[in-house]
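Chain by chain, the residues run as shown.
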Amino acid sequence: MQTSILAKAQRIVIKVGSSLVTNEGKGLDHAALARWAEEIAQLTKLGKQVVLVSSGAIAEGIARLGWTQKPSAVHEKQAAAAVGQLGLCHAYESAFRQHGLMCAQVLLTHEDLSDRTRYLNARSTLLTLLQLGVIPIINENDSVVTAEIKFGDNDTLGALVTNLIEGDALVILTDQTGLYTADPRSNPTATLVQTGVAGDASLEVMAGGAGSSVGTGGMYTKIIAAKRAARSGAATIIACGREEQVLTRLASGEMIGTQLSSVTCALAAKKQWIADHLQLKGSVTLDAGAVRALTQSGSSLLPIGVLAVEGEFLRGEVVRCLNPDGLEVARGLINYSSQETQRILRQPTGQIEAVLGYIDEAELIHRDNLVLC
Ligand SMILES: Nc1ncnc2c1ncn2[C@@H]1O[C@H](COP(=O)(O)OP(=O)(O)O)[C@@H](O)[C@H]1O
Ligand SMILES: N[C@@H](CCC(=O)OP(=O)(O)O)C(=O)O
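All figures in this text were calculated on a predicted structure; none of them were measured in a lab. (Residues numbered from 1 in each chain as written. Chains lettered and ligands numbered in written order. Predicted model: local features only at pLDDT ≥ 70, side-chain atom pairs only at ≥ 80, totals over all residues.)

Our next topic: the UniProt feature "binding site: substrate" (unreviewed entry) in the protein chain. When the UniProt feature table is mapped onto this chain numbering, "binding site: substrate" (unreviewed entry) sits at Ser55, Asp142 and Asn154. Across 100 residues of sequence, these annotated residues stay compact in space, with a maximum C-alpha separation of 10.9 Å. Along the polypeptide, Asp142 turns up in the loop between strand 4 (135-140) and helix 7 (154-164). With respect to the helices, strands and loops of the structure, Asn154 is situated in helix 7. Residues contacting Asn154, with those up to four places away along its chain left out, are Lys15, Val53, Ser55, Asn139 and Glu140. (UniProt positions renumbered as here; feature names shortened; annotations may be inferred. Helix = DSSP H or I, 4+ residues; strand = E, 2+ residues; numbered from the N terminus. Contact = placed C-beta atoms within 7 Å.)

Below, the discussion takes up the site of ligand 1. Neighbouring residues of ligand 1: 25 residues in total, closest Gly17, Thr174, Gly208, Gly211 and Gly215. Here the element with the most residues in the shell around ligand 1 is helix 1 (residues 18-21); it accounts for three residues. Here the shell around ligand 1 is built from residues that sort into nine nonpolar, 13 polar and three charged. (Near = placed C-beta within 6 Å. Nonpolar A, V, L, I, M, F, W, Y, C, P; charged D, E, K, R; others polar.)

Split into domains, the protein chain comes out as domain 1 (11-270) and domain 2 (280-372). When each unit is reduced to the centre of its C-alpha atoms, the spacing between domain 1 and domain 2 is 36 Å. (Domains from an automatic or database assignment.)

Near ligand 2 lie 16 residues; those nearest to it are Ser18, Ser55, Ala57, Ile58 and Asn154. Looking at the shell around ligand 2, the elements with two or more residues in it are helix 3 (57-65) and strand 4.

Two faces, one strand: in a regular strand the side chains alternate between the faces of the sheet. Two elements, strand 6 (residues 195-197) and strand 8 (residues 258-261), share three bridges in a ladder whose sense is parallel. Residue pairing in the sheet places Val197 in a bridge with Ser261 of strand 8. Examined bridge by bridge, strand 7 (residues 235-240) and strand 8 share three bridges and lie antiparallel to one another. Directly across from Ile237, in strand 8, lies its bridge partner Gln259. (Pairing = 2+ DSSP bridges.)

What follows is about the environment of Thr109. By the secondary structure assignment, Thr109 is in the loop between strand 3 (103-108) and helix 5 (110-114). Between the C-alpha atom of Thr109 and that of Asp360, which follows or precedes it by 251 residues, the distance is 32 Å. If we ignore the near neighbours within four places in the chain, the residues touching Thr109 are Glu140, Asn141, Val144 and Val145.

If you look at the biggest cluster of nonpolar residues, it comprises 77 residues, and the most contacted ones within it are Ala169 and Val171. Those residues within four positions of Ala169 in sequence are excluded, and the remaining contacts are Ile5, Leu6, Ala9, Ile12, Ala234, Ala235 and Ile237. In this structure, Val319, Tyr336, Ile352 and Leu364 belong to the second largest nonpolar core, which totals 26 residues. (Core = buried A, V, L, I, M, F, W, Y, C linked by C-beta atoms within 7 Å. Buried ≥ 20, exposed ≤ 12 C-beta atoms within 10 Å, placed from the backbone.)

If you trace the five strands from one edge of the open sheet to the other, you get 10-9-11-12-13, paired in mixed fashion. Looking at strand neighbours, the two that pair on one side only are strand 10 (306-311) and strand 13 (370-372), the edges of this open sheet. On average, adjacent strands in this sheet sit at an angle of 25° to one another, irrespective of strand direction. The pairing of strand 9 (residues 282-286) with strand 11 (residues 318-322) spans three bridges and is classified as parallel. The residue bridging Ser283 from the neighbouring strand is Arg320, located in strand 11. Strand contacts of helix 12 (residues 288-297): strand 9, strand 10, strand 11, strand 12 (328-333) and strand 13, with the helix running at about 75° to strand 12, the strand carrying the most contacts. (Axes fitted to C-alpha atoms, helices over the stretch in contact; angles between N-to-C directions.)

Moving on: the UniProt feature "binding site: ATP" (unreviewed entry) in the protein chain. Taking the UniProt record as the reference, the feature "binding site: ATP" (unreviewed entry) is found at Lys15, Thr174, Asp175, Thr216, Gly217, Gly218, Met219, Tyr220, Thr221 and Lys222. Relative to the helices and strands, Lys15 resides in strand 1 (residues 11-16). Not counting chain neighbours up to four residues away, the residues in contact with Lys15 comprise Val53, Asn154, Asp155, Gly158, Leu170, Ile172 and Leu173. Structurally, Lys222 is set in helix 9 (residues 218-230). Classification of Lys222 by C-beta neighbours within 10 Å gives buried; the count is 28. Look past the residues within four positions of Lys222 in its chain and what remains in contact with it is Asp155, Ile172 and Ile238.

Now the structure itself:
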């Protein structure tokens, strides 16, 4: 008999979606929050560490402001998020206090996770909170980010947080029982997928977008989140947050919803951070020989194998490595800026100093700072 992956997981990230948190946008579902707080308290009694990623700030702000529909203007959504986030935190604090648990608000932006120092700070804050027995409640800092630099959906944020704290499992609670073979809202004959492997491309085909105006991303972003979480070795469960005792039953081993196991080897922490960048400032296009050296021989990238440079980046930033057809084959921390790279591309390593007047490193991207896609 199969056992839920939550039974063994010690460090768990639980993500709850807007439709659940705000009762389909009608306003905070205090009864649901109370149930999750009670169940999370049970998990902590079993010795598990829990981080909660909660959506719902925008939907709750809209409800509090008395607006009848989601605004399209970014500044209005940001204003709604600021109003709603306050309500969200207050409600979680009261719910967890009933069980003698303290919680903490952590609002993250994409920049917090792409800047190495801020990433490490966020990691140590979260790990310290967990050690103190505090439940971190995370959301995107919606009020200060623009559309271009948003995580966009909290499924992605949940996966990145799982990678950040090296969680064993990501539990995505939503308004459906799990992943179906097609969106059950429009396909009543669709059936539940009970188990699968995170990263299996066939799952992406089944998953559609959000079924309500309250949610963002739908099932697709949850499947991609499972793929991301698997890169640090975490398994993902997608289940219905309205199901009775869903978290405690999962923790006791019961198979509920969709369970996606991770079969890939976990990337080392620094490579994980490199892989987790969502927006990159530039790319280098490699010749076929360099592509082979990276993907088949585990070599570093040397300037001689670079055909072109796109975008503007500084030394130490993460860039994409494209094959001659423009497909991303790797990404890594580059040792030279875009301007310097432009000057040394196609040059043998021995020429770097002659061209630039100095040499920082022999490699453009060292293999230790390179992640294959
Ligand atoms: N294959 C699928 N299986 C289940 N749900 C799906 C599928 N494809 C699309 N969906 C939709 O995804 C929705 C859940 O995502 P979303 O609305 O973003 O919720 P949340 O707020 O929990 O993130 C479901 O209500 C459903 O309509
Ligand atoms: N940060 C946003 C959440 C956006 C989002 O991903 O929503 P959902 O798809 O419901 O998890 C908010 O709090 O409103």
